[in-house]
Amino acid sequence: LKMSWFWFYLPLHLLMAACLCHSIKAPTTNSQQSFKTDLFNFYHSLMLADGKETTVHLLKDIPKRYYFVLEEGRALAPFTITVTPCDVPIEWSILVHKASASFLGKAARGDHDTEEVSKSQKAPSMVSTIFNYKGNSVETYMGMSSHSALYMLEFLSTERDTHITVYLTTDTTSGQLYPELPVDPRIDVIGIGHTTVTLTWKHSPSVLQHRENIQYCLLVNEKHNYKSLCAAETAIRSSGMKLPPTLALSLSPYLLEPQQVMILSNSELSIINKASSGEVRQICMGTKNTYTVLNLSPSTQYYFDVFIVNLLTNASAAYTGTFARTLEEPEPKVTELKDGKVIQVVLDGKKQKFYSLQYQARHKKIQFTFQLCRGQVRVHITKNGKTVALENISGLRYFLLKGKLLDTYLVQLRSTEQSNSSVKVQVSPHFHKPLFPLLPESLKIKSFSKLRTCNSVTIAWLGTQEESKYCVYKKRIEEDQVWMELRSADRCSGPESRHKSEKVLCKYFYDINLQRAVTTETIKGLDAGTLYLFDVYLFGPSGIPVRYHSKVVKTRKKC
C-alpha cells in the first residue's frame, strides 16, 4: 500500500472543462450534480501526508478538507487516522469515493476521452461517509480498504478558531508514532496528605521496549484534566499568566522557551508557572511510574494528567486523568521559640495566612534574627499585645528589644508574594553568641568590565572588621537560565548544596578600617563569550554562612 502523490499534480482544468462541456450538452440530474460537487471538493482539498503528524489550523464555521488515495497493492490494505483536538471540541468525518480513483488516474495521465467523462458523470455518486465524530478527545480510526479509493477528511470547528493534529499511516507493521498506552490507562491516587498527593500508573509497553527514548510527564493544575498534551499546552498559553512576556509553557521538555521557570534535580525536570487560574506545574520523571507531588496547598482540589512522551518524535499519549483534594489544613498553632534555636518557616503565599511564633523572655534584653531564604516576608512582633516591630524584611535583619522578665513576644510571619516564601528565625539573649557573622554594609558583588578577558573576570566584595572566611563559587549558565537562577536561588543554602567542581577558592581577610575592607579576586580558566554565575559565601564563628547576592558576568568573546 502506498500513497499516490501524482494526484497532487492532477491538471484540474481537464476535469473542470469536461464537466463544463457536459453541462452544456444536457440538463444535469441531482445525482450527476452531487457527483460533480464531490469531485470538486476532493480537488479543492489538501493532500494529507502519510506517516507524518500534520498540524491543521481551523477557522470558526469554515470546514477544511484533506484527502489521500489508497491504491490496490494487496487483498486488504489497512490504514489508521488519529486526530487530536488541541482546544475546543471539533467535528470531523471520513468520506470515501470508491468510483473515482480509476477515472481520475486516467485523467491525470491524459488518456481519457469525452465519452468516458460523460459516462462517469452519468454514474451515480459513490461518496459515502464511513466515520464521523464530535468532541475533544483523541480519536483513532482504523480502516481496511480492498480496492483503490479516494478518501477525504473534513474538519469543522463551530466554537472558535483552533488547531488540531492529524496523523495518517498506511504502514501498520512498523512502530507507531505515538507511545502505546497500557490496557488500563487510569492513574491511581494511593496517598493524600495536607500538602502532598501520591500517584501511580501502569507502565506503558513502549517504556519496556524503548526505555531510553521514552519518559513520563505529569501535569498538575487546579482547573480540569486535559485529554492531550497539545490541549494542555494551548490552554496554558492562553490562560493569561502573570509572567515575563517571553515566558510560556511548552509541555515538551525539549521545546522550552527562553526564561522558562525550570528546576532540574535528581533526574526530574520540573516546570512551574503562575496562571490566573492557579498554579500549573509539570514534572518529567523519566520512567518512574509512582510519584509524590509535594508543596501543594491544603484543602485544594488538584487535577493530575500523565503523558507518555517519545523524546525522538515528541509524540505523546495521555493516560486517563484523575483528581484529588488535599486534606484540610490543621488548626493554626503557635510554635514556641527557644533560646538560640533556629527554625525555618515556609509561608504559603497563595493562602496569605500568618505563621505564629511565641517566646517568653528570660532576660530583659533579647534579639530576634531573621534570615530571608526566598520570596518576601512581612514581620509583625508584639510584646504583651502591643506592636514593637512591623516591616518587610530582606536579607538578614536583627531586632534588639528591651523589656521585663517573662514578657510574652508574639511573632507573626506572612508571605507578601503569591508564591511561597521561606525565612529562618532565631531569638536569643543579647549577650548570646551570635548565630550569623558580622555583615558588611552591602552584600553586592561587583565586577570590573575593563578587567574582563576571554578567559578571566575580576570580582570584588566588601568585608568587615572581623576576620572571616569567604568562599567563591562559579557556575556556567545559558542566557535563558539567568532569570530562573536569580529568581529561584535559596539565599539560606550554603556551599554544601553546590557541586565540588563549582568551588573556586576560600580565603580569610578583614580590615580594621572599613574603608579598606574590600577584596578582589581574578577567576581564570574560563571559556570565551560565556556567562558565569558567581557566588560568595561569608562564614562566621558559628559556621552558618551568609550568601552574597549572585553576580552574572560574561567573558569577552574576542580578545
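Residues numbered from 1 in each chain as written. Predicted model: local features only at pLDDT ≥ 70, side-chain atom pairs only at ≥ 80, totals over all residues. Heavy atoms only, no water.

Peer 1: Even after reading the chapter, I still don't get a nonpolar patch on the surface, so can you show me in this structure?
Peer 2: The grouping of Val189, Ile192 and Leu327 at the surface amounts to a nonpolar patch, some 210 Å² of accessible area in total. Here Leu327 is to be found in the loop between strand E19 (322–325) and strand E20 (334–336). For Leu327, a relative accessible area of 38% puts it in the partly exposed group. (Patch = residues over 30% accessible without salt bridge, like charges linked within 9 Å, V, L, I, M, F, W, Y side chains within 5 Å. Areas by Shrake-Rupley, 256 points an atom, 1.4 Å probe, with all protein chains shown as cover. Salt bridge = Lys/Arg side-chain N within 4 Å of Asp/Glu carboxyl O. Helix = DSSP H or I, 4+ residues; strand = E, 2+ residues; numbered from the N terminus. Buried < 20%, exposed > 50% of the residue type's maximum accessible area, 1.4 Å probe, protein only.)

Peer 1: Looking at this model, I keep getting lost on the sheet that holds strand E23 (residues 365–374). Mind explaining?
Peer 2: Backbone hydrogen bonds hold the strands of a sheet together, and the pairing may be parallel or antiparallel. The strand order across the open sheet formed by four strands is E21-E28-E23-E26, and the pairing between neighbours is antiparallel. The strands lining the two open edges of the sheet, one partner per strand, are strand E21 (342–347) and strand E26 (396–402). In this sheet, neighbouring strand axes are inclined to one another by 20° on average, regardless of whether the strands run parallel or antiparallel. (Pairing = 2+ DSSP bridges. Axes fitted to C-alpha atoms, helices over the stretch in contact; angles between N-to-C directions.)

Peer 1: I keep staring at the side chain of Thr165 and nothing clicks. Help me out?
Peer 2: Within the fold, Thr165 resides in strand E9 (residues 162–169). Classification of Thr165 by relative accessible area gives buried; the value is 9%. Setting aside residues no more than four positions away along its own chain, Thr165 makes contact with Glu53, Thr54, Thr55, Thr82, Val83, Thr84 and Cys86. (Contact = heavy atoms within 4.5 Å.)

Peer 1: Is there a simple way to explain the sheet that holds strand E30 (residues 457–462) in this structure?
Peer 2: Reading across from one edge, E29-E30-E33 is the order of the three strands in this open sheet, with antiparallel pairing throughout. Unpaired on one side and paired on the other, strand E29 (446–447) and strand E33 (518–523) mark the two borders of the sheet. Pairing analysis gives two bridges linking E29 to E30, with the strands arranged antiparallel. Paired with Ser447 across the two strands is Ile459, which belongs to E30.

Peer 1: What is the right way to look at the environment of Val411 in this model?
Peer 2: One can find Val411 in strand E27 (residues 408–415). Separated by 43 residues in the primary sequence, Val411 and Phe368 place their C-alpha atoms 9.5 Å from one another.

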